[in-house]
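# Chains, contacts and geometry: an overview
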Amino acid sequence: MKNFLKITCCLLATTAIVSCKQDPKTDKMELQEQVEDTLPAVVEPVVEEKPVVKKKEVVKKKKTKAQIKAESVKKLTLELKSKGLPTFNETPAMIYIKNYEKYVADYRKAVEANDMDSFLKLSDASSALTRQYRTLLNSLEGEEVAKMSRYMQEKSKQIDALSANM
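Description of the structure in this document. (Residues numbered from 1 in each chain as written. Predicted model: local features only at pLDDT ≥ 70, side-chain atom pairs only at ≥ 80, totals over all residues. Heavy atoms only, no water.)

### Quick look at the packing of helix α5 (residues 116-139) against helix α6 (residues 142-164)
What counts, and what does not: Geometry is summarised by axes, namely lines fitted to C-alpha atoms with helices restricted to the contacting stretch, and by angles between N-to-C directions that run from 0 to 180 degrees. A run of H or I in DSSP becomes a helix once it reaches four residues, and a run of E becomes a strand once it reaches two; helices and strands are each numbered from the N terminus. Angles below 35 degrees are treated as roughly parallel, those above 145 as roughly antiparallel, those between 65 and 115 as roughly perpendicular, and all remaining angles as oblique. Throughout, a contact is declared for two residues whenever any of their heavy atoms are within 4.5 Å. Amino acids are sorted into nonpolar (Ala, Val, Leu, Ile, Met, Phe, Trp, Tyr, Cys and Pro), charged (Asp, Glu, Lys and Arg) and polar (every other residue, Gly among them).
Following both chains from N to C, one finds α5 and α6 inclined at 150°, their axes separated by 9 Å at the closest point. Relative to α6, the element α5 is oriented roughly antiparallel. Note on element contacts: α6 touches α5 through Val-145, Met-148, Ser-149 and Met-152, opposite Tyr-133, Leu-136 and Leu-137. When grouped by side-chain class, the residues that make up the contact of α5 with α6 number six nonpolar, one polar and no charged.

### Details of the packing of aromatic side chains
Worth spelling out the cut-off: Note on ring pairs: Phe, Tyr and Trp rings are taken, using the six-membered ring of Trp, and paired if centres are within 6.5 Å. Classes follow the plane angle, with under 30 degrees stacked, over 60 edge-to-face and the rest tilted. Three exposure classes are used, based on accessible area relative to the maximum for each residue type with a 1.4 Å probe and protein chains only: buried under 20%, partly exposed in between, and exposed over 50%.
Tallied over the entire structure, the rule returns five aromatic pairs. Residues Tyr-96 and Tyr-133 carry aromatic rings whose centres are separated by 5.8 Å and whose planes lie at 35° to one another, so their mutual orientation is tilted. Remark: Tyr-133 occurs in helix α5 and Tyr-96 occurs in helix α4 (residues 91-113); sequence separation between them is 37 residues. Both residues of the pair, Tyr-96 and Tyr-133, belong to the buried class. Here the aromatic residues Tyr-96, Tyr-100, Tyr-103, Tyr-107, Tyr-133 and Tyr-151 are joined through ring pairs into a cluster of three or more.

Structure, rendered in C-alpha cells:
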C-alpha cells in the first residue's frame, strides 16, 4: 500500500512539473502522456463457481373427484374409529353415524341446560335422521344392517338415560 502511494505521488509530481514547463513549441501542440504501469500485476485467485443445480418444479396434480371422495371417506372412517364408533362400507351410513353422534351431543346439552327451545330444534333433526335411517336400511347389506341396529339400540339406551335425568 505504501509503494502504491509513493508511486502515485511521484506520477503526480512528474505531471505537475511537465505541465508547468513553458515550451513555445509544445504550447501549440497537444501533449499526450503515456504513463507506464510500474506496479506489478496483482494476480487474483481464481474462484471456481460450482454449477447451480436447478430443482425440478413440483407440479401439483389436481385431484379427481374420485380421489377427493376416497380421501374424505378415509378421513371419516378414521374419525369414527378414533371415537370407537362402527364403520361401514357405505359412505352414507358413516355420515349417518356422524350426524347421529352430533344429535346425541346436542340432546345431552339440551338436557343439561333444560332448554325447551333446543328440544324444538332437535325434533327437526330427529325427523331428518329417521328418514335417513329408513333409506339406509334399504341400501345396506345384511351384516351392516345388523351392525347399524346394534349401534341404534345402544344410542337409544343413552337417550333414554338422558331423558330420565330431565
